[in-house]
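# Breakdown of the fold
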Amino acid sequence: MWRTGISLKQSAFDYGFQRLNRMAGKGSNSVQLRHYNERVVLDAVRRFGQASKAEIARFAHLTPPAVAAIVEALVAGGYLVENGKRFGGKGQPSAMYGLASSGAYSIGFHIGRRAMDAILIDFAGQTCAFETHDYDHPDPESIRRLGGGAIGRFRSQLGSVESSRLIGIGISAPYFIGGWDEELGFPGDVQLAWRSFDLKAHFSDTHNLPVMIENDASAAAVAELVYGLGKKFSDFLHISLSTFVGGGLVLDGTLQTGPNGNTAAFGPFPVTHSTLSSVPKPTGKFEVLLHRASIYTLVHHLRTNGIDIKRVRDLDPMPATARTLVSEWQDDCADALAQAIIGSIAVVDVEAVVIDGLLPAPLLMETVARVRQCFSEMVPPGLIAPTITAGALGARGSALGASILPLYLMFGPDTGVLMKKGNDKKPLLIGS
């Protein structure tokens, strides 16, 4: 299974320094510690947007001379840049440091059920290029061709010098990538083709770059953690209203995936029966959330009732004839999501529930408001209500989350840097 564990909220002290004494004799040494501290400094700057050496030192629990030496080395290495000085405080003006955009580049792919998104981001997290490619179904040959074409165009855009700082490819995709023949009518040969196709090996061997793979809903949660509401909430459930509903769980600023990589799957969550005329009645006692709170259910409801659309983006702007049918789906979806949220927070205490995905922004805001209303009407005593809010990233979330994975593999703070000799993370500064 695919998994990741990305942490942004733990300081150097919380993340490793309390354990230094216990790790004596287990491979920790000054070189590894310096590499780890470099990553902690970068983490601080990424979190603050820009920071002074004093702010970095307080965050990282490092001495000012140690931070000064690391910052100067990272500036020389092309990973940090001085962004002027801040005036107004006591003493001398503080030099402010930010991430250098050209410090590294990463590619992210989201292999969806109806389209593939490709994104190129720089070291500061800004989008350099974005593409989306529609298809009827994601067969391996199409993914090879579309992915290879996007990589070629991204490399060309960067040029030969900056392409040398392209550090990897992240891929987000749903679990069971070929197995949606029942709901979406995929041909049987698509499922067979995926069984014999090694997605990771193809892209790593063909393009000579490290490749990381993550579940699409978990990748969207990672993007929200790093670039969205994760700056406000350390503990949240992230629900992706995509072709099929999915989820991710973030606790203490860290994505949780579980022993099988399937934490917060949400799709199979048992809920009551749908009230939509277009949804067949289940044979068992319960329906599953996937059949009530998914975009494919909305599109199917519209098409069943004579509104011929293929993609949810066709609802922006909203056709007048679709308004009532969309509202019916929103009510049904909100009722089911409220049930799933209540079941989830009865087990895991979170600050917020973040809902995002493929819906156009006006529809997303309306749907989230209905979820809040349904939740308030049915939440039982004994539970602490989380903030229920719309996400900040929309349809690009999964691709953006995928692109983050290589950056954190190489540049994110991780206790493994301290504890393993010969670990597979490269030093940031060649020769350091």
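Structure first, text after, so check above.
Before going into details, it helps to say that this report is about the structure given with it. The structure displayed is predicted, hence computed values, not measured ones. (Residues numbered from 1 in each chain as written. Predicted model: local features only at pLDDT ≥ 70, side-chain atom pairs only at ≥ 80, totals over all residues. Heavy atoms only, no water.)

### Focus: unusual backbone geometry
- With an omega of 5°, the peptide bond between Asp316 and Pro317 qualifies as cis.
- Within the secondary structure layout, Pro317 lies in the loop between α10 (295–304) and α11 (323–345).
- Not every positive phi belongs to a glycine, and Asn208 is a case in point at roughly 55°.
- Take Asn208: it is sitting in the loop between α8 (199–207) and β7 (211–215).
- Exposure remark for Asn208: the relative accessible area of 69% places this residue in the exposed category.
- For Phe266, which is not glycine, the phi torsion reads 65° and is therefore positive.
- As for its position among the elements, Phe266 is in the loop between β10 (254–256) and β11 (270–271). (Helix = DSSP H or I, 4+ residues; strand = E, 2+ residues; numbered from the N terminus. Buried < 20%, exposed > 50% of the residue type's maximum accessible area, 1.4 Å probe, protein only.)

### Quick word on the packing of α11 against helix α12 (residues 361–378)
- Across the interface, α11 lies against α12 with an axial gap of 8 Å and an inter-helix angle of 50°. On the basis of the axis angle, α11 is oblique to α12. Taken as a pair, α11 and α12 cross one another with a handedness that is right-handed.
- Each residue belonging to the contact of α11 with α12 can be placed in one class, and the counts come to 14 nonpolar, four polar and five charged. (Axes fitted to C-alpha atoms, helices over the stretch in contact; angles between N-to-C directions. Parallel < 35°, antiparallel > 145°, perpendicular 65-115°, else oblique. Left-handed = near helix turned anticlockwise from the far one by under 90°. Nonpolar A, V, L, I, M, F, W, Y, C, P; charged D, E, K, R; others polar.)

### Overview of the sheet that holds strand β14 (residues 387–390)
- Spatial ordering of the open sheet is given by β10-β9-β8-β13-β14, a layout of five strands whose pairing is mixed. The open sheet is flanked by β10 and β14, the only strands paired with a single partner. With direction set aside, neighbouring strand axes in the sheet form an average angle of 25°.
- Inspection of the sheet shows strand β13 (residues 352–357) paired to β14 by four bridges, in the parallel sense. Looking across to β14, one finds that Val354 is bridged to Thr389.
- Its contacts with the sheet place helix α9 (residues 216–227) against β8 (236–241), β9 (245–251), β10 and β13, and it is angled at close to 125° to β8.
- The strands touched by α11 within the sheet are β8, β13 and β14, with β8 carrying the most contacts at an inclination of about 150°. (Pairing = 2+ DSSP bridges. Contact = heavy atoms within 4.5 Å.)

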